[in-house]
Amino acid sequence: MTNKPDLRRDIPSGIVVFFVAIPLCLGIALASGAPLLSGLIAGIVGGIVVGSLSSSALGVSGPAAGLAVIVAAAIADLGSFEAFLAAVVLAGIIQMGFGLARAGVLAYFFPSAVVKGMLSGIGLLIILKQIPYAIGWNANPGDFQFNQIDGGTTLSELWLAITNFAPSALFVAAVSLAILITWDQVLIKRGKIFQLIQGPLVAVVVGILYQVVTSAVAPEWALTKDQLVKLPEFDGVGDVFGSLVGPDWSQLGNSSIYLTAFTIAVVASLETLLCVEATDKLDPVRRVTPTNRELFAQGVGNTVSGLVGGLPVTQVIVRSSANIQSGATSKVSAIWHGVLLLVAVLFAAPLMNLVPLAALAAILLVVGYKLAKPSLFKQIYDQGPGQFVPFMVTIVAILLTDLLTGVFLGLGVGLLGVLYRAYANSHWVEMRESDDAQSVHHVDMRLGEHVSFLSRGAILRQLTDIPDGSAVSIDMSRTHGMDHDVREILEDFQRSAERRKLQVDITPPSPKTRLRPVDVLPKAQPQS
């Protein structure tokens, strides 16, 4: 793969992302309590506007499930969708300010284990959330949190799906999975035609053909309207534009709008930065996205989306992952998916409404598996507890809460690991016993380059455990910084040397540092 666009791969990838995006855009709008068209507008803006301005090669933007609860609460609090749109415009302006203020640097403070845990957690969440669609139960489209808006949970929804499955939807999902696996494992190696035409696109076309044929020949096996894409149908382009709504600027005097705008800007920015980090890790050529420019692009996108009646947009890992798994090479695929959404809304709604949700679920099941492969769990486990614990905490927390909560819990565990390592690794101690007649213990301690207050307890414990009558050597020659708390411990230790019959020898810091050496007391001779 090169950094240049490859239309032979980007165009088919954009088509796949387009099919994946349609139910997500509609479902998130439904879960947010907003007009269905607002979700599609956000997808169009995320693809065309953000895709054009962003430097992310493979990231795809659109309405985010993580904002659905915030959006639903904001619309209820502000009293109207039009007032909420004013908050979206202001949120976009705030995000542009974040980009200009170089706030994108926050992306580099998320540990790799947490980012990988986020990807795997999202992968497992995709699988759990798509199984109901695959077997014909579609009660909560677009709801990607554990506690759902209708009062249920991911697990309760899964149980309802299993007990109310539809054989026809299950059949479509099984055929689609067979096509995807065969295409990916066998056919793609057989010729360029199978590389040009992507398996997910074939699965969608087969699903449409199934619905057309069964509706005509065997209606009892045809899918119901609830098991198909539900794109709003309009009577011409004029009807579409007539359905657009804009912000209610008269609400700018309402202080709640500014709090809502800031909340949306912060949450959307954090979700975007996390997805940028994750997408860059999935990029086969490991390109690095300029995060400040991405925040600015997202800000422009939210401003435009709010002005034309759309939901807030972020970079979205589900669509980005599908984009990468479909072989995209550049942002052409993201822009193309936005163009297709626009064309579908204006001209192709009747055709799109023949697409089975079970076929789209099969595509996402494969995406979810690739994000959460068992081999990745083994790889992180082999890297030790310092990586595996925050990785697993992030996954479990995402599955039981939501994306941002899971990431911050994983980050918290990662920070605790950093504090523990700082506590344990700022110095080392070697205990050895001499062979002389007096059997004097020799203790060597070397302090690290910087000894912070976090190491205070560990150093105090080590010094306290030294047997009385030992010869102690403390090497500070490599130390360039020491907190006052640690200095006090060393000075107290020196003062106790005579009482404990210790021989204490301290090698002071290098004269090149500004660290004041600990005053060296006369050596205390051990008594026999």
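The model shown is predicted, which means the values in this text are computed figures rather than measured ones.

A. Local environment of the overall build of the protein. Across its full length, the protein carries 21 helices and eight strands. Of all 528 residues assigned to the protein, the portion counted as buried reaches 52%. In the protein, once contacts between residues fewer than 6 apart in sequence are set aside, the share between residues at least 24 apart is 79%.

B. Here's a closer look at the nonpolar core. By size, the foremost hydrophobic cluster in this structure holds 107 residues, and its most contacted members are F84, L231 and L311. Among all residues touching F84, those that are not within four sequence positions of it are V71, A74, I75, L78, I264, L311 and P312. If you look at the next biggest cluster of nonpolar residues, it comprises 19 residues, including L463, M476, F493 and I506.

C. Main features of the packing of aromatic side chains. The final tally for this structure, using the stated rule, is seven aromatic pairs. A centroid spacing of 6.3 Å and a plane angle of 35° characterise the contact between F388 and F391, whose relative ring orientation is tilted. Here F388 and its partner F391 are both found in helix α18 (residues 385-400), three residues apart, which amounts to about one turn of the helix. Owing to a relative accessible area of 0%, F391 belongs among the buried residues under this scheme. An aromatic cluster is defined as three or more aromatic residues linked by ring pairs; in this entry it consists of F377, Y381, F388 and F391.

D. Seen up close, the confidence of the model for the protein. Taken over all residues, the pLDDT of the protein has a mean of 86, while the share at 70 or more is 89%. With pLDDT under 50 throughout, residues 519-528 is counted as low confidence; its partners more than four residues away or in other chains account for 17 contacts.

E. Structural context of unusual backbone geometry. Positioned with a positive phi, R102 is a non-glycine residue whose angle comes to about 60°. Mapped onto the fold, R102 is located in the loop between α4 (81-100) and α5 (112-134). Classification of R102 as exposed rests on a relative accessible area of 60%. Here the phi dihedral of R286 falls at roughly 55°; this positive angle occurs in a residue that is not glycine.

F. Geometry of the pattern of salt bridges. Applying the stated rule across the entire model yields eight salt bridges. Note that D283 and R287 form a salt bridge whose closest N and O atoms lie 2.8 Å from each other. Across this residue pair, the class does not change: D283 and R287 are buried. Between D468 and R500 there is a salt bridge, and its shortest N-O distance comes to 2.9 Å. Highlighted residues: D468 in the loop between α20 (456-465) and β6 (471-475) and R500 in the loop between α21 (484-495) and β8 (503-507), separated in sequence by 32 residues.

G. How the structure looks around the packing of helix α1 (residues 7-32) against helix α9 (residues 199-217). For the pair α1 and α9, the least separation of the axes is 8 Å and the interaxial angle reads 50°. Between α1 and α9, the angle is such that the two are oblique. When you trace α1 past α9, the crossing you get is left-handed. Taken together, the residues of α9 that come into contact with α1 (itself represented by I15, V16 and F19) are P200, L201 and V204.

H. The side chain of T314, seen in detail. Take T314: it is sitting in strand β2 (residues 313-315). Dropping the residues within four chain positions of it, T314 is found in contact with V60, S61, G62, A64, L67, A268, E271, T272 and Q298.

I. The arrangement of empty space enclosed by the protein in detail. This structure, assessed with the given rule, holds three cavities of 30 Å³ or more. What the second largest cavity holds in volume is close to 40 Å³. Taken together, G46, V50, G51, S54, S56, G59, V60, S61, E294, Q315, K331 and A334 make up the lining of the second largest cavity. By residue number, the principal contributor to the lining of the second largest cavity is helix α2 (residues 36-53), which donates three residues. For the lining of the second largest cavity, the per-class residue count stands at three nonpolar, seven polar and two charged.

J. Representation of a nonpolar patch on the surface in the model. A cluster of nonpolar residues, V105, L106, Y108, F109 and V288, forms a patch on the protein surface that exposes about 540 Å² of accessible area. Here V105 is to be found in the loop between α4 and α5.

K. Looking closely at the packing of α5 against helix α6 (residues 154-163). Where α5 contacts α6, the two axes come as close as 9 Å, and the packing angle between them is 25°. The orientation of α5 relative to α6 falls into the category roughly parallel. Both α5 and α6 take part in a crossing whose hand is left-handed. Residue-level inspection shows L128, K129, I131 and P132 of α5 in contact with α6, the latter providing T154, E157, L158 and A161. Residue composition of the contact of α5 with α6, grouped by class: five nonpolar, one polar and two charged.

L. Layout of the environment of L365. Counting through the fold element by element, L365 comes out in helix α16 (residues 357-371). When residues no more than four places from it in sequence are discounted, the contact partners of L365 are I127, Q130, I131, A134 and L177.

M. Here's a closer look at α5. The terminal C-alpha atoms of α5, which comprises 23 residues, lie 32 Å apart, in line with the 33 Å expected from a rise of 1.5 Å per residue. In terms of burial, α5 is a largely internal element, 17 of the 23 residues being buried. Of the residues trailing α5, G136 is marked for its positive phi of about 95°.

N. Region of interest: the pairing of β8. Every second residue of β8 is oriented toward a common face, the buried set being V504 and I506 and the non-buried set Q503, D505 and T507. As judged from the five bridges shared by β6 and β8, these two strands associate in the parallel manner. Counterpart to S473 in the pairing with β8 is D505.

Criteria and thresholds
Residues numbered from 1 in each chain as written. Predicted model: local features only at pLDDT ≥ 70, side-chain atom pairs only at ≥ 80, totals over all residues. Heavy atoms only, no water. Helix = DSSP H or I, 4+ residues; strand = E, 2+ residues; numbered from the N terminus. Buried < 20%, exposed > 50% of the residue type's maximum accessible area, 1.4 Å probe, protein only. Contact = heavy atoms within 4.5 Å. Core = buried A, V, L, I, M, F, W, Y, C linked by side-chain atoms within 4.5 Å. Phe/Tyr/Trp six-rings, centres within 6.5 Å; stacked < 30°, edge-to-face > 60°. pLDDT = per-residue confidence, 0-100. Salt bridge = Lys/Arg side-chain N within 4 Å of Asp/Glu carboxyl O. Axes fitted to C-alpha atoms, helices over the stretch in contact; angles between N-to-C directions. Parallel < 35°, antiparallel > 145°, perpendicular 65-115°, else oblique. Left-handed = near helix turned anticlockwise from the far one by under 90°. 1 Å grid on protein atoms, 1.4 Å probe; cavity = no way out; pocket = protein on both sides within 12 Å on 5 of 7 lines; lining within 4 Å. Points joined across faces, edges and corners; volume = space filled by probe spheres on them. Nonpolar A, V, L, I, M, F, W, Y, C, P; charged D, E, K, R; others polar. Patch = residues over 30% accessible without salt bridge, like charges linked within 9 Å, V, L, I, M, F, W, Y side chains within 5 Å. Areas by Shrake-Rupley, 256 points an atom, 1.4 Å probe, with all protein chains shown as cover. Expected span 1.5 Å × (residues − 1). Pairing = 2+ DSSP bridges.

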